[in-house]
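Spelled out from the first residue to the last, the chains are:
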2 protein chains.
Amino acid sequence: MGLTKTEHFSTAQNTLAVKLKALGHPARVAIIEYLMEVNTCICGDIVNELPLSQPTISQHLKELKNAGLIKGSIEGNAICYCINDETIRELHQYFQNMSATLSGKQDTCC
Amino acid sequence: MGLTKTEHFSTAQNTLAVKLKALGHPARVAIIEYLMEVNTCICGDIVNELPLSQPTISQHLKELKNAGLIKGSIEGNAICYCINDETIRELHQYFQNMSATLSGKQDTCC
DNA sequence: TTTATATATTGCAATATTACGATATACTTC
DNA sequence: GAAGTATATCGTAATATTGCAATATATAAA
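These figures come from a predicted structure and were not determined experimentally.

## Comments concerning the interface of chain A and chain B
Now for step 1: Contacts between chain A and chain B engage 49 residues on the former and 49 residues on the latter.
Now for step 2: With both chains or domains summed, chain A and chain B bury close to 4400 Å², and 70% of this area falls on carbon and sulfur atoms.
Now for step 3: Together, Phe9(A), Met36(A) and Phe95(A) form the three largest contributors to the area buried by chain A at its contact with chain B, with a combined 13%.
Now for step 4: Run the count over chain A and chain B and you get 0 salt bridges.
Now for step 5: If you look at where chain A meets chain B, you find 10 residue pairs in polar contact (both at pLDDT 80 or more).
Now for step 6: When residues of the side of chain A that touches chain B are traced back to their parent elements, those giving at least two are α1 (11-22), α2 (26-37), β3 (78-83) and α5 (85-103) of chain A.
Now for step 7: Top contributing element to the side of chain A that touches chain B by residue count: α5(A), with 13 residues.
Now for step 8: Counted by class, the side of chain A that touches chain B contains 28 nonpolar, 15 polar and 6 charged residues.

Below is the structure:
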């Protein structure tokens, strides 16, 4: 098959999975980390920063954008990309809740 | 191709990507959320909780285990699965750092 | 020891992902 | 308008993922 049965899961589960999947590739982690490192949105040189071809990076950027992890806006000749704070904070919140829940538990585990 | 060029990225980036990729599927999100919901490790009934076949779930569990997100231990006839707190906390930390860094920035974005 | 129960593995078909060369698009500058 | 620069899209090959039926394995119970 190869076809994820999204219809069996909640919207929340599906949209979360899309975001995490987008970060589930080292090149895309690297892109996000680069965008964090430079202190503003970056126009242009992402391609020069990574050891992948221009079409491949363009594809990864598209996926990050679709998942809502980055935003892009046309800036003359180039395109400006920056991190979408809101999505990062959502993910932070999600794992924070999990951590908190886990801390509150007995250690009755295996 | 279809072959991720892991060698071009740092170990940290690669291992993080593996963990996030493991959560990048709604079924695996659902499994983790179920393990959170029940207040202890669960022996057995994960298969009954999800609308997927037993082999498929077994495969997803394997992937979660490989990524270090869950732990499993044999408990007589069944197998006990529970969340690996440490990994969750790692992810929490990662996104917390990102959130913090983003908060400290000027809003000089696009 | 046979039978039942729980989970893993194998094998396979359908689909998705990754990567890149070639090419298209779009804006800038000359 | 022509040439240059930056990014996107198309097409395609290689590999990975998803899902399940069939089967294997392993323990428990009878």
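Next comes the rest of the write-up.
## A look at the side chain of His60(B)
Residues and elements named next belong to chain B.
Now for step 1: Within the secondary structure layout, histidine 60 lies in helix α4 (residues 54-66).
Now for step 2: Of the residues examined, histidine 60 reaches a relative accessible area of 8% and is grouped as buried.
Now for step 3: One polar contact links histidine 60 to arginine 28, side chain to side chain, over a distance of 2.9 Å.
Now for step 4: Residues within four places of histidine 60 in sequence aside, it is in contact with His25, Ala27, Arg28, Ile31 and Leu52.

## Quick notes on the confidence of the model for chain A
Now for step 1: Across chain A, the average pLDDT comes to 90, with 92% of residues at or above 70.
Now for step 2: Ranking the helices and strands of chain A by mean pLDDT puts α1(A) first, with 98, and strand β1 (residues 42-43) of chain A last, with 68.

## Points about the environment of Ser73(A)
Now for step 1: Relative to the assigned elements, Ser73(A) resides in strand β2 (residues 70-75).
Now for step 2: Placed 32 residues apart in sequence, Ser73(A) and Cys41(A) show a C-alpha to C-alpha distance of 9.8 Å.

## Focus on the relation of the copies chain A and chain B
Now for step 1: Placing chain A over chain B gives an RMSD of 0.0 Å and needs a rotation angle of 180°, together with 0.0 Å of translation along the axis. Seen this way, the second copy is the image of the first under a two-fold rotation axis.
Now for step 2: Most of the interface of chain A is mirrored in chain B: 100% of its interface residues are interface residues there too.

## Structural notes on the nonpolar core
Now for step 1: Ranked by size, the top nonpolar core spans 64 residues in total, and within it Ile32(A), Ile46(A), Leu69(A), Ile32(B), Ile46(B) and Leu69(B) carry the most contacts.
Now for step 2: Excluding residues within four positions of it along the chain, Ile46(B) makes contact with Ile31(B), Tyr34(B), Leu35(B), Ile57(B), Leu61(B) and Tyr81(B).

## Some points on the layout of surface pockets
Now for step 1: One number sums up the size of the largest pocket: a volume of about 470 Å³.
Now for step 2: If you trace the largest pocket, you find 24 residues lining it, with Lys21(A), Gly24(A), Lys21(B), Gly24(B) and Arg28(B) closest to the centre.
Now for step 3: Sorting the residues of the lining of the largest pocket by element identifies α1 and α2 of chain A together with α1 (11-22), α2 (26-37) and α4 of chain B as the ones contributing at least two each.

## Examining the pairing of strand β3 (residues 78-83) of chain B
Residues and elements named next belong to chain B.
Now for step 1: Bridge analysis of strand β2 (residues 70-75) against β3 gives 6 bridges, and the strand direction is antiparallel. Considered in β3, the bridge of serine 73 is made with cysteine 80.
Now for step 2: The loop that links β2 with its antiparallel partner β3 comprises 2 residues; one of these, glycine 76, has a positive phi angle of about 65°.

Conventions and cut-offs
- Residues numbered from 1 in each chain as written.
- Chains lettered and ligands numbered in written order.
- Predicted model: local features only at pLDDT ≥ 70, side-chain atom pairs only at ≥ 80, totals over all residues.
- Heavy atoms only, no water.
- Contact = heavy atoms within 4.5 Å.
- Buried area = accessible area lost by both parts, 1.4 Å probe.
- Salt bridge = Lys/Arg side-chain N within 4 Å of Asp/Glu carboxyl O.
- Polar contact = N/O pair within 3.5 Å; in protein donor to acceptor, adjacent residues only side chain to side chain.
- Helix = DSSP H or I, 4+ residues; strand = E, 2+ residues; numbered from the N terminus.
- Nonpolar A, V, L, I, M, F, W, Y, C, P; charged D, E, K, R; others polar.
- Buried < 20%, exposed > 50% of the residue type's maximum accessible area, 1.4 Å probe, protein only.
- pLDDT = per-residue confidence, 0-100.
- Least-squares fit on C-alpha atoms with pLDDT ≥ 70 in both.
- Core = buried A, V, L, I, M, F, W, Y, C linked by side-chain atoms within 4.5 Å.
- 1 Å grid on protein atoms, 1.4 Å probe; cavity = no way out; pocket = protein on both sides within 12 Å on 5 of 7 lines; lining within 4 Å.
- Points joined across faces, edges and corners; volume = space filled by probe spheres on them.
- Pairing = 2+ DSSP bridges.

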